[in-house]
Amino acid sequence: MSERSPERRIALFPASFDPVTNGHLDIADRALRIFDEVVLGIAVNVAKEGFFSTDERMEALEAVASGRSGLRPARFEGLTVDFAEEIGAIAIIRGVRAMSDFDYEFEMALMNKHLHANIETLFMMPSPEYLYVSSSRLRELACFGRDIEEFVPPIVAKMMRERFSRQHA
């Protein structure tokens, strides 16, 4: 169990980041207005294969976090709330785009609160320009050759172009 520091306020922002989008970064940057550090957590799920490997997602997160003080990418296994406890987080950040997201997230937040009463869940809506952006929607657009550069960091746009050019070659 990690000791929480009253001087350093840490939040965990867990997501698949498959790929990381500007919507993710919007929420992370805004969370940094509240917290000293935001850990971008990728859950390692051996039962589920992502579009990008965990290593590729970590590489992209490390690249975008390198220019943003207070963001720290990390990977973890197990329950998100247990990892939050391990790193000394006082909150878990969850991005919510629609009411359908909220229903699921609310139930998860209640269970997390039951498991670790000292960790809060903070629901954040994306900025309006990112409300309709999702990793799965962007993968579909990129698959059909559409430009996604306005929705993702440059490194991700490059990674996706390379992935789809190999698949269509």
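In this text the structure is predicted, and so the values were computed from the model without any measurement.

**Here's the deal with the pattern of salt bridges**
For step 1, the next point in the chain: Tallied over the full model, the rule gives 11 salt bridges.
For step 2, the next point in the chain: The salt bridge involving Arg163 is made with Glu56; its shortest N-O contact spans 2.6 Å. Of the two residues, Arg163 is situated in helix α6 (residues 154-167) and Glu56 in helix α2 (residues 54-65); the sequence distance between them amounts to 107 residues.
For step 3, the next point in the chain: Judged by relative accessible area, Arg163 falls into the buried class, the value being 13%.
For step 4, the next point in the chain: Connected via shared salt-bridge partners are Arg8, Glu37 and Arg72.

**A closer look at α2**
For step 1, the next point in the chain: A rise of 1.5 Å per residue sets the reference length of α2, with its 12 residues, at 16 Å; its end C-alpha atoms lie 16 Å apart and thus fit the reference within 8%.
For step 2, the next point in the chain: Among the residues of α2, those classed as buried are Thr54, Arg57, Met58, Ala60, Leu61, Val64 and Ala65. One face of α2 carries all of its buried residues, which in axial projection span an arc of 165 degrees.

**Observations regarding the side chain of Ser127**
For step 1, the next point in the chain: One can find Ser127 in the loop between β5 (120-124) and α5 (135-143).
For step 2, the next point in the chain: The exposure class assigned to Ser127 is buried, which follows from its relative accessible area of 15%.
For step 3, the next point in the chain: A distance of 2.9 Å separates the side chain of Ser127 from the side chain of Asp26, its partner in a polar contact.
For step 4, the next point in the chain: Every residue in contact with Ser127, bar those within four places of it in the chain, is listed here: Asp26 and Arg30.

**A closer look at unusual backbone geometry**
For step 1, the next point in the chain: The amide bond that connects Asp18 to the next residue, Pro19, takes the cis arrangement and shows omega of 5 degrees.
For step 2, the next point in the chain: As for its position among the elements, Pro19 is in the loop between β1 (10-14) and α1 (22-31).

**Some points on the environment of Thr54**
For step 1, the next point in the chain: Of note, Thr54 is situated in helix α2.
For step 2, the next point in the chain: Each C-alpha atom of the pair Thr54 and Leu40 lies 13 Å from the other, and the pair is 14 residues apart in sequence.

**Concerning the environment of Asn118**
For step 1, the next point in the chain: As for its placement among the helices and strands, Asn118 is situated in the loop between α4 (99-115) and β5.
For step 2, the next point in the chain: Residues Asn118 and Glu62 lie 56 residues apart in sequence; the distance between their C-alpha atoms is 29 Å.
For step 3, the next point in the chain: Of the polar contacts made by the side chain of Asn118, one reaches the side chain of Glu85; its length is 3.3 Å.

**Considering the packing of aromatic side chains**
Aromatic ring pairs are described here by two measures, namely the spacing of the ring centres and the angle between the planes.
For step 1, the next point in the chain: Here the structure, examined in full by the defined rule, presents seven aromatic pairs.
For step 2, the next point in the chain: Seen from their ring centres, Tyr132 and Phe151 are 6.2 Å apart, and the 80 degrees between their planes marks the pair as edge-to-face. One end of the pair, Tyr132, is in the loop between β5 and α5; the other, Phe151, is in the loop between α5 and α6, with 19 residues separating them in the sequence.
For step 3, the next point in the chain: Judged by its relative accessible area of 47%, Tyr132 falls in the partly exposed class.
For step 4, the next point in the chain: The buried category is assigned to Phe151, whose relative accessible area is 10%.
For step 5, the next point in the chain: Through a chain of ring-to-ring contacts, three or more aromatic side chains come together here, namely Phe51, Phe52 and Phe164.
For step 6, the next point in the chain: Lying across the ring of Phe51, Arg163 places its NZ or CZ 5.3 Å from the centre.

Cut-offs used in this document
Residues numbered from 1 in each chain as written. Predicted model: local features only at pLDDT ≥ 70, side-chain atom pairs only at ≥ 80, totals over all residues. Heavy atoms only, no water. Salt bridge = Lys/Arg side-chain N within 4 Å of Asp/Glu carboxyl O. Helix = DSSP H or I, 4+ residues; strand = E, 2+ residues; numbered from the N terminus. Buried < 20%, exposed > 50% of the residue type's maximum accessible area, 1.4 Å probe, protein only. Expected span 1.5 Å × (residues − 1). Arc of directions from axis to C-beta. Polar contact = N/O pair within 3.5 Å; in protein donor to acceptor, adjacent residues only side chain to side chain. Contact = heavy atoms within 4.5 Å. Phe/Tyr/Trp six-rings, centres within 6.5 Å; stacked < 30°, edge-to-face > 60°. Lys NZ or Arg CZ within 6 Å of the ring centre and 35° of its normal.

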